[in-house]
Amino acid sequence: MPPAAGEVLVVLPTYNERASLAAVVAGIRAHVPSARILIVDDGSPDGTGDAADELAAADAHVAVHHRSGKLGLGSAYVHGFGAAERGGYRFVVAMDSDGSHRPEDLPALMAAARSGAGLAIGTRWIAGGRIVNWPLIRRWISRGGTGFARAVLGSQLHDLTSGFRVIELDWLRRIDLDALDSQGYGFQVETAWRLEQLGCSIAEVPITFVERADGRSKMTLGIVLEAFGNVVRWGWRARRQRSTAR
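Residues numbered from 1 in each chain as written. Predicted model: local features only at pLDDT ≥ 70, side-chain atom pairs only at ≥ 80, totals over all residues. Heavy atoms only, no water.

**Q** Give a description of the packing of aromatic side chains that names residues and reports values.
**A** The geometry of an aromatic ring pair comes down to the distance between the two centres and the angle between the two planes. Under the defined criterion, the tally for this structure stands at three aromatic pairs. The interplanar angle of 25° and the centroid separation of 5.8 Å between the aromatic rings of Y77 and F81 together place this pair among those described as stacked. Of this pair, Y77 and F81 both sit in helix 3 (residues 73-87), four residues apart, which is roughly one turn of that helix. Judged by relative accessible area, which is 0%, Y77 ranks as buried. Their ring planes at 10° and their centres at 6.2 Å tell us that Y77 and F187 sit as a pair that is stacked. One end of the pair, Y77, is in helix 3; the other, F187, is in helix 7 (residues 186-197), with 110 residues separating them in the sequence. Here Y77 and F187 have matching classes, each one buried. (Phe/Tyr/Trp six-rings, centres within 6.5 Å; stacked < 30°, edge-to-face > 60°. Helix = DSSP H or I, 4+ residues; strand = E, 2+ residues; numbered from the N terminus. Buried < 20%, exposed > 50% of the residue type's maximum accessible area, 1.4 Å probe, protein only.)

**Q** Give me the lowdown on helix 1 (residues 18-31), citing residues and values where you can.
**A** When the terminal C-alpha atoms of helix 1 are compared, their 21 Å separation across 14 residues agrees well with the 20 Å that a helix rising 1.5 Å per residue should span. Buried within helix 1 are the following residues: S20, L21, V24, V25, G27 and I28. The buried residues of helix 1 occupy one face: seen down the axis, they fall within an arc of 160°. Turned more than 90 degrees off the buried face of helix 1, the exposed positions are A19, A23 and A30. (Expected span 1.5 Å × (residues − 1). Arc of directions from axis to C-beta.)

Below, the structure is given as structure tokens:
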């Protein structure tokens, strides 16, 4: 079960994040003290699940759900979003557990959500957004991926691939999460685009993204290709639907 219901549930998917998890949880608790935290661990072999259990035992604001294996980022978020729905939360937060999403940026995202944004996205590619310690190739992949998705999907968002976001549950309920195509980072693109299509009010909030200091990035060629293929398919479907509607 998630922690006792409140206004905000932060969902932290984990896979081998033992070195960074405690600092991320402490940062969230310091900057948004009322938030509840749900750690969704996919059977991390480095003992992240045990570390998460220790955090939960020490803090009633933290809970842990253990899953049997590496089932995918999108699946972890769907699991966490379902817990937020069952727990009666108003907002659900998606953020990484590796330290790349700074907890000190969360209050600004929450402020945008409380001011009426159904989706508040932590954005790197607008004025005030920054990236620290990223190699040039990662910048190219991120900017190129967002530019490609914007063009194919007709989106106005500047950072479709950002995984740091706050979603109001009233808007999240309008998406059929079980029907989403992506399990990798394309999940971020798809959820933001679906909400944009529905007319959701979206705020892009500048953040500082910090390359993880511990462990290895989970970005792989397979993840990039999955996202690329899905974006092309979604764009083609959208164009066909518009043509049929005429």
